[in-house]
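For reference, the chains in residue letters:
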Amino acid sequence: MKNYLKKISLVLLLCLLTLPGWAQFEGYRLSPDARISLITCSSGDELYAIFGHSAVRVQDPATGMDIAFNYGTFDFDEPNFYLKFIQGKLRYMLSAAHFSDFVYSYSMDNRSVYEQVLNLDEAQRQQYWAFLTHNYQPANRFYLYDFFFDNCATRIRDGLEAAFPNQVAFKISHLDKHMSFRNLIDLYLVPQPWSDFGIDLALGARIDRQASPYEYMFLPDYLSKGFANATILQDGRAVPLAGEPQVIFERAPVPFSVAAVTPVLVWWLLLGVVVILTALDLAKGRRSRVFDMVFFFFTGVLGLVLLLLWVATDHQATANNYNLLWAIPTHMVVAVLLRRHALPDWASKYMRFTGLVTGIAVLGWWLWPQQLHPATLPIAISLITRALYAVWFSRKVKSTAPAHSSIKEKI
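Quick notes on the rules
Residues numbered from 1 in each chain as written. Predicted model: local features only at pLDDT ≥ 70, side-chain atom pairs only at ≥ 80, totals over all residues. Heavy atoms only, no water. Pairing = 2+ DSSP bridges. Helix = DSSP H or I, 4+ residues; strand = E, 2+ residues; numbered from the N terminus. Axes fitted to C-alpha atoms, helices over the stretch in contact; angles between N-to-C directions. Contact = heavy atoms within 4.5 Å. Patch = residues over 30% accessible without salt bridge, like charges linked within 9 Å, V, L, I, M, F, W, Y side chains within 5 Å. Areas by Shrake-Rupley, 256 points an atom, 1.4 Å probe, with all protein chains shown as cover. Salt bridge = Lys/Arg side-chain N within 4 Å of Asp/Glu carboxyl O.

(A) Molecular detail of the sheet that holds strand β5 (residues 113-117). Strands sit in the order β6-β4-β3-β2-β1-β5-β10 across an open sheet of seven strands; the sheet is antiparallel. The open sheet terminates on both sides in strands that have one partner only, identified here as β6 (142-144) and β10 (246-249). Neighbour to neighbour, the strand axes of the sheet diverge by 30 degrees on average, direction disregarded. Its contacts with the sheet put helix α5 (residues 122-136) on β1 (35-41), β2 (53-60), β3 (65-74) and β4 (91-98), and the angle it makes with β3 is roughly 45 degrees.

(B) View of a nonpolar patch on the surface. On the surface, W194, V261, L265 and L269 cluster together into a nonpolar patch covering about 370 Å² of accessible area. Relative to the helices and strands, L265 is located in helix α10 (residues 263-284).

(C) Representation of the sheet that holds strand β8 (residues 230-234) in the model. Spatial ordering of the open sheet is given by β7-β8-β9, a layout of three strands whose pairing is antiparallel. Both edges of this open sheet fall to β7 (168-170) and β9 (237-240), since each of them pairs with a single strand only. Going across the sheet, the axis of each strand differs from the next one's by a mean of 30 degrees, ignoring polarity. By the bridge criterion, four bridges tie β8 to β9 in an arrangement that is antiparallel. Directly across from Q234, in β9, lies its bridge partner R237.

(D) View of the pairing of β5. Looking at chain direction, β1 and β5 are connected through five bridges and run antiparallel. By the bridge assignment for β5, S37 is matched with V117. Where β5 meets β10, three bridges bridge the pair, whose relative direction is antiparallel. Of the residues in β10, the one forming a bridge with V113 is F249.

Written as structure tokens, this is what we have:
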């Protein structure tokens, strides 16, 4: 997290040091030689950069103006910055920087930068420039960011349609691959299986509906494809909006690698440990109480986090999370009782009930409206195994109460 904030701070600092003043834009009229482009930046190595980035370039050779308008920045001086970030209430803003500085910051991160010049006539360029500079005014530049529906890419798509009402048509039906929002982001997360696992835990069923090709454009790569396959009206006829991307900076080749230790491997190994541990417990007439307490406590903590992301934040994508069928927040409380030799009757009923709920989650794994990460399946089976064993062992202890002190325990 610290490295993430450092890199973001560097980029923002660079932008702020070169930020053109508002007075420079006010009343400015583009020359006939000006051009406006869509800028697409490739994925980076860090999670915050892995989905790429989009910006708008405005270049006017007559005056030497060359500016990147960027909807993907935010202010670290925002009051309660971290709390707002977690709650989904952090305001993002449209910033402007000299384009050379913008490219430099991405080249330093070894991220490619591509340009698609928009096929706008002189009047349309001035009209879009007016839209951008109006958005850049201090009263208009802030907005509430949403990764899927209101981000650096969708702002550009929606802004172009707002600047030219009923004049832009995206002919992108051939891009439809019948993918959900989760499928789309999974395409980028292959090199980072642990990030993929964490994101799949946090995001709920809302992102598992099939996205339309138009909605694919929340990703910068698909915004670029959308612009390359769009038309805009000029003098009553439709003309191509933009051509194919041209290279401004090409990243140096990076060897593709995936972590050897993946969540799927780790959690299936955990299930193997649970099966062996339970077999040993059964053979030796004991229950590994510390293991159960720790396992259920941390599962409950995870469930509480997922629940808060659903009900206590404005993040739309974290709602309706079916991972709560196995990561049950109340495990965090009941875990304390798992340290006991025999469970109270209500705790035994609780363990039976949660074992049943988690069992239903497992049986319906591929039927739920949410695509659950495959690494969570062995975790759920492990929870069922230990919950039912705790109920069985507690019943056994109570049925042999006079002699229970002779039963071996593992502390």
